[in-house]
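Descriptive analysis of the structure
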Amino acid sequence: MRLWVFLSLLGLNIHFEVLANGIANRYFLEKQRFLLEILHHVHEPLMNEQWRLLGKELVTDKEQYVVYNEHMSDFYKDFSLGKLLHRNEYYNPLYADHYQQMLGLYHFFYNARDWYTLWQNISWARVHMHPGIFVQALTQLIQKREDYQALIMPKIYELWPEAYHDGLTVRKARNFNFANWIRYENVTDIEEIRPQKLEPLYLEGDLRGSIEWFQAMADVNILRMNQPKARNKLKHLLEDIDWQSYWYNLNMGVVLTGEKSDQLREWCYYQLSQILARYKLECYGQKLAYKKLTPKHYRGIEKGTSKMAQFIIKNISELEAKVGDAISFRSIQLTNGSRINLEENNNWLVGLEELFPYDWTHFAVEKGVQPNLLLDIRTIVRSQDFYYYAERILDSYRWYRQVFQPNNQKTFIPSDLRIDDMQITPLITYDQAVDVDISNILPAKHFYLAGQFVWPFTLQHRQHRLQHKDFSYKLHVSSNKTQSTIFRVFLTTSERGNIRREPFYQLDSFLTVIYPGCNRISRDSKEFGGLVGDHISYTELYHFVKLAEREEYDFPLNISTPNCGFPRRLILPRGGTGNPLKLRLLIVATVYDYKARQENELSCDFSQGVSRWDELPLGYPFERFLEDDAQAVEISGDHVHWKDVEVLHESP
């Protein structure tokens, strides 16, 4: 606690200066420019001579740290003995020794007494450390230290474009020579475009296309590489860079957050259920099997040829066995050897903690396991295997809660209230062209002139992604009294009857006051919570910083989007092109218990817990199994409403 207080006081003056009126000052801009330059071409050795000179030595004077702990001592010992991971070797934070190296470096960052110590340590790590360890430790620093949380990290798919793009694109970009392109522009499939042709034109804050944007990008050549549209039925979701980076950022935010672990566990499993439900809706829309995912759909698992698959299935099977024993015997043996009765007091929560870890770093793997999508937290949701494993884990999680969680939800069902009707505007999806900044794939030598760092051009990869038109809905609610009410809106398939295996994806939730008589409530899709829109690119961010340093622009602290928000454009599955995709909406009303709280998880800060409307379980009423849509009390009666809807996909 004392460390937290000291670090907070340490950065208090900087924090207030930086956040004054939401506009960055020169001290912040200096730090922000350094961050963007030090991460530029992070996969290559650092060429920036200024930061190379600063990073010659790691600060080892213990007086320069608020705390000098065992992690730091072990890290420096390993460095002195030459035991740290070489930059050309495979890095995986799930390997225990790799994670310990990252943890040691993180503490050298986090415990730094002042910016100058941190500045030197970051520069040193950029020169001497494996880029994967460096990026993860730096990400943790910015997420966890309050006085540096205002700094903006580039999006992970801009730092590591090669992890998010196909091999052909990566090869073309790596072989691109800017000087030759200027001479022979017409002989390549890379074209220069006018700034106003960059897509999407409309970003959060309306920055792109503004006068200041044209000033910032005035001397930048914008180049574009085209990509054909995806044909795979699920590729438009699984390979979406925002879909993948959302899960990466969420997990990065949770790591090393020791506080509020009970809340975080529930929140993480809720987010896992959300991403699984959204994936299943996409499968349903593409007429693929979705009710119960089975190993036969995934190559290598049924044959037992994948060592990684064997490792994961072994661990999941052990979890299922433990959960089964806990339910059968109504008790569980803890790690310390003691056994507790799960039906006494709140012991079921102790069992929940014992059985269901939520921090992905708890899942250590053997070094012999070869690199693959499932081992890379940046790309794990691109693997269809992930959803099969997620379903099995969530089945055990819900089964456990079904048996042991106290059933007091009936007290949250409102009386004297009826949802009479819902009206909704057309649900329409379409393929949207977008340019993604892949400048970090290009050889770093193109960004240095006479030893000085310059950013004269950017390479954008033209892709097509799933998008939907804005929509709105209206609820007609009648009541006999004034009451504060929470409404939750779920999207599911058109299947009726037994809904145990149907996905329920929560689209919206909100709190409002219902008055006697007829109430009409309007909601717009732009109002839905926890969602984010588009942001400026790495290149644009850097040039906005430079413009602000020349005092030609007031740099707003919210110039980019929060990293742990779900992409707003992906809340609807791809609609039908000929025949519309038939779905249902479920609206559930519950009594408000005046225990709502707003936290900062959207910005990946989980130190104070997570936002919630009430004390009902997150994901209510689907945190447990419900069998029938007409009999389960939570989803039948006047306080719920089912609405048939259709989603249409518009072709260009």
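Scroll up for the structure.
My aim in this report is to walk through the structure given alongside it, one point at a time. (Residues numbered from 1 in each chain as written. Predicted model: local features only at pLDDT ≥ 70, side-chain atom pairs only at ≥ 80, totals over all residues. Heavy atoms only, no water.)

**Let's talk about the overall build of the chain**
The line we're drawing: The numbering of helices and of strands both runs from the N terminus, where a helix is a DSSP run of H or I of at least 4 residues and a strand a run of E of at least 2. In this setup the radius of gyration rests on C-alpha atoms only. A globule is expected at 2.2 Å times the number of residues raised to 0.38. Accessibility here uses a 1.4 Å probe with only protein chains present; expressed as a share of the type maximum, an area under 20% marks a residue as buried, one over 50% as exposed, and anything in between as partly exposed. Only heavy atoms enter the contact rule, under which two residues are in contact if any of them lie within 4.5 Å. Only four residue types enter the charge count, namely Lys and Arg as positive and Asp and Glu as negative; His and the chain termini do not. For charged residues, the charge sits on one atom: NZ in Lys, CZ in Arg, CG in Asp, CD in Glu.
When its secondary structure is counted, the chain shows 19 helices and 17 strands. Here the C-alpha radius of gyration of the chain, 26 Å, is about what a compact globule of 652 residues would show, namely 26 Å. Split into buried and exposed, the 652 residues of the chain put 56% on the buried side. In the chain, the proportion of contacts linking residues at least 24 apart, taken out of those at least 6 apart, comes to 81%. Looking at the chain, you have 75 positive and 82 negative side-chain charges, and the mean spots of the two groups are 4 Å apart.

**Here's the deal with the state of the cysteines**
In plain terms, the rule: The criterion for a disulfide is a pair of cysteine sulfur atoms lying within 2.5 Å.
In the structure shown here, the tally under the stated rule is one disulfide. Disulfide pairing places C564 opposite C604 at an S-S distance of 2.1 Å. Handedness of the C564-C604 disulfide follows from its S-S torsion of about 105°: it is right-handed. With C564 in the loop between α19 (538-549) and β15 (566-567) and C604 in the loop between β16 (581-591) and β17 (640-650), this pair connects stretches of sequence that are 40 residues apart. Of the residues examined, C564 reaches a relative accessible area of 6% and is grouped as buried. Among the residues examined, C604 registers a relative accessible area of 1% and is labelled buried. Considering cysteine sulfurs only, C564 is the nearest to C268, which forms no disulfide, with 10.0 Å between them.

**A closer look at unusual backbone geometry**
Each neighbour pair has its own omega, and for E199 with P200 the value is -5°, a cis peptide bond. With respect to the helices and strands, the residue P200 is situated in the loop between β1 (190-192) and α12 (211-216). Omega for the peptide link from Y620 to P621 comes to 5°, which places this bond in the cis form. Notably, R330 is not glycine yet its phi reads approximately 55°, a positive angle. Topologically, R330 is positioned in the loop between α16 (307-329) and β3 (331-333). R330 gets classed as partly exposed once you look at its relative accessible area, which sits at 30%. Although it is not a glycine, D416 sits at a positive phi angle of roughly 55°. Mapped onto the fold, D416 is located in the loop between α18 (384-404) and β5 (417-424).

**Digging into empty space enclosed by the protein**
If you roll a probe as big as a water molecule over the atoms, it shows you where there is empty space left. To keep things clear, this is the line we draw: Residues are said to line a cavity or pocket when one of their atoms sits within 4 Å of a point; the points come from a 1 Å grid over protein atoms alone, cavities being sets where a 1.4 Å probe fits but cannot get out and pockets being open sets with protein on both sides within 12 Å along at least five of seven lines. Grid points are joined across faces, edges and corners, and a volume is the space filled by probe spheres set on the points. Amino acids outside the nonpolar list (Ala, Val, Leu, Ile, Met, Phe, Trp, Tyr, Cys, Pro) and the charged list (Asp, Glu, Lys, Arg) are all regarded as polar, and Gly is one of them.
This structure, assessed with the given rule, holds eight cavities of 30 Å³ or more. Each pocket or cavity is described by its volume, and for the largest cavity that value is around 400 Å³. Together, 29 residues line the largest cavity, and S273, R398, E502, F504 and F622 are the ones closest to its centre. Among the secondary structure elements, those contributing two or more residues to the lining of the largest cavity are α15 (261-285) and α18. With eight residues, the single largest contributor to the lining of the largest cavity is α15. Of the residues contributing to the lining of the largest cavity, the split by class is 14 nonpolar, four polar and eleven charged.

**A word on the layout of surface pockets**
Each pocket or cavity is described by its volume, and for the largest pocket that value is around 1,200 Å³. For the largest pocket, the lining is made up of 41 residues, of which Y269, I316, P357, F363 and I393 are closest to its centre. Of all the elements in the fold, those that place two or more residues in the lining of the largest pocket are α14 (241-254), α15, α16, β3, α17 (347-355) and α18. Its residues assigned to classes, the lining of the largest pocket shows 30 nonpolar, five polar and six charged.

**Some remarks on the sheet that holds β1**
Hydrogen bonds between backbone atoms are what pair the strands of a sheet, whose relative direction is either parallel or antiparallel. Convention followed: A strand pair is defined by DSSP finding two or more bridges across the two strands. Working convention: axes come from line fits to C-alpha atoms, limited for helices to the stretch in contact. Angles between N-to-C directions cover 0 to 180 degrees.
Taking strand neighbours across the sheet as the criterion, the eight strands line up as β1-β2-β9-β6-β17-β16-β11-β12 in an open arrangement whose pairing is mixed. Of all strands in the sheet, those with a lone pairing partner are β1 and β12 (505-514), marking the two edges. Averaged over neighbouring strand pairs, the angle between their axes works out to 35° when direction is ignored. The sheet contact formed by strand β2 (residues 221-226) and strand β9 (residues 457-468) spans six bridges and is parallel. Across the sheet, the residue bridging to N221 is F457, located in β9. Contacts between α15 and the sheet are confined to β9, β11 (483-493), β12 and β16, with β12 contributing the most and set at about 120° to the helix.

**Comments concerning the side chain of E623**
Looking at where E623 falls in the secondary structure, it is placed in the loop between β16 and β17. Judged by relative accessible area, E623 falls into the buried class, the value being 5%.

**Digging into α17**
Which entries qualify depends on this criterion: Each direction from the helix axis to a C-beta atom contributes to the arc, which is the arc of those directions.
Among all positions in α17, only N347, W348, G351, L352 and L355 are buried. One side of α17 carries all its buried residues, which in axial view fall inside an arc of 155°.

**Observations concerning the pattern of salt bridges**
Operational definition: Any Lys or Arg side-chain nitrogen located within 4 Å of an Asp or Glu carboxyl oxygen qualifies as a salt bridge.
Here the structure, examined in full by the defined rule, presents 33 salt bridges. Residues K469 and E650 are paired through a salt bridge, measuring 3.0 Å at the closest nitrogen-oxygen approach. With a gap of 181 residues between them, K469 in the loop between β9 and β10 (472-479) and E650 in strand β17 connect regions that are remote in the sequence. Note on K469: relative accessible area 35%, which makes it partly exposed.

**Focus: the pairing of strand β6 (residues 427-437)**
Where burial is concerned, most of β6 is hidden: eight out of the eleven residues are buried. In the sheet, β6 pairs with β17 via four bridges, with the strands oriented parallel. By the bridge assignment, L427 is partnered in β17 with V647. Strand direction decides the pairing type here: β6 and β9, joined by nine bridges, are antiparallel. By the bridge assignment, V434 is partnered in β9 with Q463.

**Let's talk about the environment of W51**
Residue position: W51 is located in helix α4 (residues 49-54). Of the residues examined, W51 reaches a relative accessible area of 4% and is grouped as buried. In this structure the C-alpha to C-alpha distance between W51 and I38, which are 13 residues apart in sequence, comes to 7.5 Å. Contact partners of W51, with chain neighbours within four places excluded, come to R33, F34, E37, I38, L46, W119 and S123.

**Here we look at the nonpolar core**
Here is a general trend for soluble globular proteins: nonpolar side chains tend to be buried in one another's company. Inclusion rule: Put simply, a nonpolar core is a bunch of buried Ala, Val, Leu, Ile, Met, Phe, Trp, Tyr and Cys residues held in one set by side-chain atoms that sit within 4.5 Å of each other.
Counting residues in each nonpolar core, the largest one holds 185 residues, and the members touching the most others are L39, F109, F134, L138, Y400, F487 and F555. It is α15 that provides the largest number of residues to this core, a total of 13 residues. Excluding residues within four positions of it along the chain, L138 makes contact with L35, L39, F109, I122 and M153. Judged by nonpolar contacts, the second largest core, of 13 residues, contains V588, Y620, F622 and V640.

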